[in-house]
Amino acid sequence: MERKIIGIAANQHYQNNQDFFDQQFTYSPQGFIDGVHQAGGVPLLLPISDPELASTYVETIDKLLLAGGQDVTPFLYGEEPHPKLGPTSIERDSFEMALVKEAIKQNKPIFTVCRGTQLLNVTLGGTLYQDLSQYPDWEVKHDMFPTVPDFGLHSITVKSDSTIAGLFGQRAQVNSYHHQAIKELAESLVPIAWSSDGIIEAVESREKNTKILGVQWHPELTRKNDPKEQNLFDYFVQEFE
């Protein structure tokens, strides 16, 4: 069986790195590596680079995965920073936006997680709540801290004819580790799952020939305890074409 090369957009750590003599280092959470490995794929980290190199990176992979991390820089969707905005990285934002555009151009499937889904939405023309305090109907705890996010925290309702309905059913429990969320959804995306307070929890492409799947939760953290979350990796690696 041919093993798919899964390009995982990596993050960069640059603060309080005493163990690394304050040198920056590139990384990805191990759950993404393990999830792709178990699904039969070959994970390949894509370090934050010049956006002009995005086409070359995307040419070398079969599919693209965007992980979680910093808040998305708000001026990318025309807003000033809210007082509750967290750390941002314009270098990461710019590179990952270029990766998304190239993956769509080269017809490579895209899977996004948490911040990755928010960045995807901004790349395609959508906006974000910079903090959930801006969302008028906020009633559900979406940031599990200080609880370890190894298990599902809140429920989601899944669209019955969506990409993930066969994996999750129409109702499921997922973990949650975010303080930003999709506000205006990009026109090229459709929502396919929601929390009980109406936050969009998953999206897919409106165009059937463009393979995009994004979730707001963190399957890489619950895949050991919840088989359907590993099934999500299996589906992306093996079937999402």
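All values derive from a computational prediction rather than experimental measurement.

Colleague: Mind laying out the overall build of the protein chain, listing which residues take part and the relevant values?
Modeller: When its secondary structure is counted, the protein chain shows 7 helices and 13 strands. Relative to the 2.2 N^0.38 estimate, which gives 18 Å for 241 residues, the radius of gyration of the protein chain is 17 Å and therefore close to what a compact globule would have. Overall, the C-alpha framework of the protein chain stretches about 45 × 40 × 35 Å when taken along its three principal axes. Residues classed as buried in the protein chain amount to 52% of the 241 residues present. Look at the contacts in the protein chain between residues 6 or more apart in sequence, and 66% of them connect residues 24 or more apart. Counting every atom, the protein chain has about 11,400 Å² of accessible surface; 49% of that belongs to carbon and sulfur. Distance between charge centroids for the protein chain: 5 Å, based on 19 positive and 33 negative side chains.

Colleague: An account of the packing of helix α1 (residues 30–38) against helix α7 (residues 227–238) is needed here, citing residue identities and associated values.
Modeller: Two numbers describe how α1 lies on α7: the axes approach to 8 Å, and their chain directions differ by 60°. On the basis of the axis angle, α1 is oblique to α7. Seen along the crossing, α1 lies across α7 with a hand that is right-handed. Residues Gly31, Phe32, Gly35, Val36 and Gln38 of α1 lie in contact with α7, whose contacting residues are Gln230, Phe233, Asp234 and Val237. Across the contact of α1 with α7, the residue classes tally to 4 nonpolar, 4 polar and 1 charged.

Colleague: Run through the packing of helix α3 (residues 90–105) against helix α4 (residues 115–123), naming residues and quoting values.
Modeller: The contact between α3 and α4 brings their axes to 10 Å, and the two run at 70°. When the axes of α3 and α4 are compared, the pair comes out roughly perpendicular. Between α3, through Arg92, Asp93, Glu96, Met97, Val100 and Lys101, and α4, the contact on the second element is made entirely by Arg115, Leu119, Leu120 and Thr123.

Criteria and cut-off values
Residues numbered from 1 in each chain as written. Predicted model: local features only at pLDDT ≥ 70, side-chain atom pairs only at ≥ 80, totals over all residues. Heavy atoms only, no water. Helix = DSSP H or I, 4+ residues; strand = E, 2+ residues; numbered from the N terminus. Rg over C-alpha atoms; globule rule 2.2 N^0.38 Å. Buried < 20%, exposed > 50% of the residue type's maximum accessible area, 1.4 Å probe, protein only. Contact = heavy atoms within 4.5 Å. Areas by Shrake-Rupley, 256 points an atom, 1.4 Å probe, with all protein chains shown as cover. Lys, Arg positive; Asp, Glu negative; His and termini not counted. Charge placed at Lys NZ, Arg CZ, Asp CG, Glu CD. Axes fitted to C-alpha atoms, helices over the stretch in contact; angles between N-to-C directions. Parallel < 35°, antiparallel > 145°, perpendicular 65-115°, else oblique. Left-handed = near helix turned anticlockwise from the far one by under 90°. Nonpolar A, V, L, I, M, F, W, Y, C, P; charged D, E, K, R; others polar.

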